[in-house]
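Structure at a glance
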Amino acid sequence: MDKPRIVTGALVGGLLTAALVALLALADGLAGLPFVPFDVFDWVARTLPGGVITFGIDAMVSALIALNLNVSEAAKTAEQAMAIAALLGAGVVGGAALFAVLRRMPDSLRRSLIGGLALGLIVGLPGLVISLSVNQTATAGPLASALWILAAFLAWGALIGWSYARLAVPVPRRGAAASVTTAEHLTAEQLDRRRFLIRLGAGTAAITVVGARLAPVFRTRERAAPSGPADPGAEEAALLAALGADPTLGAAALLAALPNADDPLAPAPGTRPEYTPLEAHYRIDINARPPRVDGPTWRLPITGMVANEVELALSDLVADFEPLHRFVTLSCISNRIGGDLIGTTLWTGARLSEVLAVARPLPGARFLLIEAADGFHEALSLDLLARDDRIMLTYHWDGQPLTEEHGYPLRIYIPDRYGMKQPKWITRFELAADERPGYWVQRGWDEVARVQATSVIDTVAGEEAFERDGQTYVPIGGIAYAGARGIGGVEVRVDGSEWTQADLRAPLSDTTWVIWRIDWPLSEGEHFLEVRCVEANGAPQIDRLTDVRPSGATGLHRITRQL
Ligand SMILES: Nc1nc2c(c(=O)[nH]1)N[C@H]1C(S)=C(S)[C@@H](COP(=O)(O)O)O[C@H]1N2
Ligand SMILES: [Mo]
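Conventions and cut-offs
Residues numbered from 1 in each chain as written. Chains lettered and ligands numbered in written order. Predicted model: local features only at pLDDT ≥ 70, side-chain atom pairs only at ≥ 80, totals over all residues. Heavy atoms only, no water. Pairing = 2+ DSSP bridges. Helix = DSSP H or I, 4+ residues; strand = E, 2+ residues; numbered from the N terminus. Axes fitted to C-alpha atoms, helices over the stretch in contact; angles between N-to-C directions. 1 Å grid on protein atoms, 1.4 Å probe; cavity = no way out; pocket = protein on both sides within 12 Å on 5 of 7 lines; lining within 4 Å. Points joined across faces, edges and corners; volume = space filled by probe spheres on them. Nonpolar A, V, L, I, M, F, W, Y, C, P; charged D, E, K, R; others polar. Core = buried A, V, L, I, M, F, W, Y, C linked by side-chain atoms within 4.5 Å. Buried < 20%, exposed > 50% of the residue type's maximum accessible area, 1.4 Å probe, protein only. Contact = heavy atoms within 4.5 Å. Phe/Tyr/Trp six-rings, centres within 6.5 Å; stacked < 30°, edge-to-face > 60°. Lys NZ or Arg CZ within 6 Å of the ring centre and 35° of its normal. Disulfide = S-S within 2.5 Å. Polar contact = N/O pair within 3.5 Å; in protein donor to acceptor, adjacent residues only side chain to side chain. Near = heavy atom within 4 Å. Areas by Shrake-Rupley, 256 points an atom, 1.4 Å probe, with all protein chains shown as cover. Salt bridge = Lys/Arg side-chain N within 4 Å of Asp/Glu carboxyl O.

1. A short note on the sheet that holds strand β10 (residues 426-432)
As summarised here, the arrangement of the five strands in space is β2-β1-β10-β5-β6, forming an open sheet in which the pairing is mixed. The outermost strands of the open sheet, each flanked by one partner alone, are β2 (310-313) and β6 (377-381). When the angles between neighbouring strand axes are averaged without regard to direction, this sheet yields 20 degrees. Taken together, the six bridges between strand β5 (residues 367-372) and β10 define a ladder with antiparallel strand orientation. Following the sheet pairing, Leu369 is matched in β10 by Glu430.

See below:
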């Protein structure tokens with residue numbers, strides 16, 4: 001009788017790992033226990049050198065673009081899929097390795113089980129340590145989490161070991177053995193092995209499917225709680241109230257309440273929405289899943305070089321300071337020319353300088369060190385704070401408490417800077433004489449991260465062409481954004497001819513993008529279109545093409561369209 005083969009070990013390892021992933025996901029959804037693959041993925045991403053991580057993210061974004069997927073929506077899913085694939089890969093390798101080892105020993109159930117338990121420890125123990133150190137989504141305590149991870153991986157390993165023993169000593173079909181020749185007897189053993197593997201496959205598949213189906217159900221039910229009312233009408237009403245309009249008026253009133261509602265310039269059909277729906281706003285951070293912060297018990301300590309150390313509750317920040325409302329466009333420094341890692345919403349919060357004044361910073365303090373629940377951190381120079389009183393501690397987006405994804409309970413707003421300078425899920429402030437370079441700065445990105453001016457062609461609306469004075473025009477439009485520096489003008493060029501001035505809509509505020517539009521006299525055929533902008537002070541958009549790393553992409557958006 002041949003010993004079970006190494007590829008069979010890989011198969012058994014893969015099947016049982018799929019079931020393990022499903023059970024981990026189910027336990028996460030049901031009991032708030034850690035989901036180890038995401039924790040390990042986050043840990044690896046934080047530990048690898050900045051260059052390697054940037055290369056990895058870059059490759060992923062390129063792949064998503066090549067697959068024609070929406071990067072802002074698909075990136076997190078892709079990361080989560082990679083995390084799960086990595087554990088599956090470890091399971092396949094682990095199963096193969098265990099079978100390879102057991103093949104070299106005399107068959108015995110005891111040896112197989114001990115080998116399997118050892119495999120469970122080798123894979124599970126690092127997972128446990130990493131999970132306990134980085135996980136911020138589990139609601140179960142550390143002891144329960146540790147016991148669960150250990151038990152799950154030990155059982156997983158033991159099952160792989162047991163499978164080996166079961167395959168090594170087949171149970172031939174009863175009654176068949178007596179009457180068959182040796183050759184047929186071997187066949188019966190092979191048949192038994194096959195039947196065992198089929199049953200194992202069916203069992204693990206059932207667990208995997210049920211787990212994968214149920215886990216998200218439990219998860220969303222539990223996670224809906226912290227971020228405000230689920231009633232969409234309530235969101236609208238809150239936003240209207242934040243805009244100073246009658247909250248009972250409804251959706252039409254919402255548009256009417258926007259500060260540029262009376263601007264006669266309609267965006268070219270197909271231009272992205274001027275005000276980004278919250279669920280469509282991009283999300284970028286270092287977490288497979290957002291950290292959970294308990295708002296009611298959360299406190300913001302302000303420590304270090306201050307005369308008066310304080311701890312502020314969320315309710316203090318909301319009640320004790322005049323709320324500021326500001327329309328803001330936020331962009332990720334990794335947004336490529338024409339990309340979708342950019343969005344505009346209404347931010348509400350307390351003026352940071354007023355909040356810090358409560359702690360009375362000492363004269364030597366020059367930096368505010370900001371720490372977040374996920375280990376992310378940044379430093380804000382007090383000089384910049386003194387120059388820009390728009391910097392705010394933000395607790396609402398879109399008239400509602402921040403969602404978990406976008407930084408509940410508190411994030412900072414710093415005009416003219418990319419997102420990487422603006423921590424979400426803030427947990428601690430420290431005033432200091434010296435700077436501590438921020439998370440992405442330490443990983444090789446620009447220390448200032450001032451937003452680069454950019455302009456994008458969102459639409460060439462051939463289907464919406466219209467006649468005026470015997471001429472057919474095609475609406476072309478998009479956005480232009482230069483941080484808090486404002487847009488002075490946008491120009492479009494078709495097929496390398498003259499640059500033509502576009503019309504601009506009044507922006508929602510001086511810190512948002514501007515919608516532009518041009519109605520272009522149609523000539524049929526394939527056309528090459530370019531767009532460029534100038535900042536409010538006349539500085540032209542940089543047309544030299546540079547990569548997103550380290551200082552944000554520059555270069556003109558250029559597209560080809562058939563009309
Ligand atoms: N705590 C924390 N804050 C963070 C990050 C992070 O990983 N952790 N990412 C930053 C980056 S790179 C960007 S672009 C913005 C994105 O904010 P959003 O996801 O709400 O759009 O959050 C910033 N704040
Ligand atoms: Mo970012």
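2. Some words on empty space enclosed by the protein
Per the counting criterion, the structure on display carries two cavities of 30 Å³ or more. The volume enclosed by the largest cavity comes to roughly 120 Å³. Every residue lining the largest cavity is counted, 16 residues in all, and those nearest its centre are Ser331, Asn335, Arg336, Tyr418 and Thr454. Looking at side-chain class alone, the lining of the largest cavity contains nine nonpolar, six polar and one charged residues. If you add up the space inside the second largest cavity, you get close to 70 Å³. Residue lining of the second largest cavity: Phe38, Asp39, Asp42, Val134, Asn135, Gln136, Thr137, Asn287, Ala288 and Arg289, and that is the complete set. When residues of the lining of the second largest cavity are assigned to their parent elements, the largest contribution, three residues, is made by helix α2 (residues 36-47).

3. Concerning the nonpolar core
If you look at the biggest cluster of nonpolar residues, it comprises 52 residues, and the most contacted ones within it are Ile302, Leu352, Leu380, Leu393 and Phe429. Leu352 has contacts with Leu368, Leu380, Leu385, Ile391, Met392, Leu393, Ile412 and Phe429, leaving out every residue within four places of it along the chain.

4. Observations concerning the pairing of strand β4 (residues 342-351)
The element β4 is extensively covered by neighbouring structure, given that nine of its 10 residues are classed as buried. Here five bridges tie β4 to strand β7 (residues 392-397), and the two strands are oriented antiparallel to one another. Paired with Ala350 across the two strands is Leu393, which belongs to β7.

5. Description of the packing of aromatic side chains
Working definition: an aromatic ring pair is given by the centre-to-centre distance plus the angle between the planes. Counted by the stated rule, this structure contains 10 aromatic pairs. Ring plane angle 50 degrees and centroid distance 5.2 Å describe the contact between Trp347 and Tyr413, whose orientation is recorded as tilted. Taken as a pair, Trp347 in strand β4 and Tyr413 in strand β9 (residues 411-413) lie far apart in primary sequence, 66 residues in all. Neither residue differs from the other here; Trp347 and Tyr413 are each classed as buried. Geometrically, the ring pair formed by Tyr439 and Trp440 is edge-to-face, given 5.1 Å between the ring centres and 85 degrees between the ring planes. Per residue, the accessibility class of Tyr439 equals that of Trp440, and both read buried. Following the ring pairs from residue to residue traces out a cluster consisting of Trp347, Trp397 and Tyr413. The ring of Tyr439 has Arg443 lying over it, and the distance from NZ or CZ to the ring centre is 3.6 Å.

6. Some remarks on the sheet that holds strand β18 (residues 526-535)
Reading across the sheet, the four strands line up as β15-β14-β18-β19 and stay open at both edges, with antiparallel pairing between neighbours. The sheet is open, and its two edges are formed by β15 (500-501) and β19 (557-562), each paired on a single side. Here strand β14 (residues 487-494) runs beside β15; their pairing, made up of two bridges, is antiparallel. From the neighbouring strand, Val492 faces β15, where its bridge partner is Thr500.

7. Some points on the state of the cysteines
A complete count under the given rule lists zero disulfides for this structure. Looking at the unpaired Cys533, the closest cysteine sulfur is the one in Cys332, lying at 19 Å. Looking at Cys533, the relative accessible area reads 3%, which means it is buried.

8. Considering the side chain of Thr271
Its place among the elements puts Thr271 in the loop between α10 (251-257) and β1 (299-304). On the basis of relative accessibility, which here comes to 13%, the residue Thr271 falls in the buried class. Separated by 2.5 Å, the side chain of Thr271 and the backbone oxygen of Ala268 make a polar contact. If sequence neighbours within four positions are ignored, Thr271 has contacts with Asp458, Thr459, Gly477, Gly478 and Ile515.

9. Focus on the site of ligand 1
Near ligand 1 lie 20 residues; those nearest to it are Tyr282, Asp374, His406, Arg411 and Lys424. Take Arg411: an N or O atom from its side chain is 2.7 Å from an oxygen atom of ligand 1. Contact distances for ligand 1 include 2.5 Å between an oxygen atom and a side-chain N or O atom of Lys424. Coverage of ligand 1 by the protein chains reaches 99% of its 530 Å² of free accessible surface.

10. Looking at the pattern of salt bridges
Counted according to the given criterion, the structure contains 26 salt bridges. With its nearest N and O atoms 3.2 Å apart, the salt bridge here joins Arg336 to Asp58. With Arg336 in the loop between β3 (323-331) and β4 and Asp58 in helix α3 (residues 50-66), this residue pair connects regions lying 278 residues apart in the sequence. The exposure class assigned to Arg336 is partly exposed, which follows from its relative accessible area of 25%. You can call Asp58 partly exposed: its relative accessible area is 27%. Close ionic contact of Arg493 with Glu530 constitutes a salt bridge, the shortest N to O distance being 2.9 Å.

On their own, these measurements won't tell you what the molecule is for.
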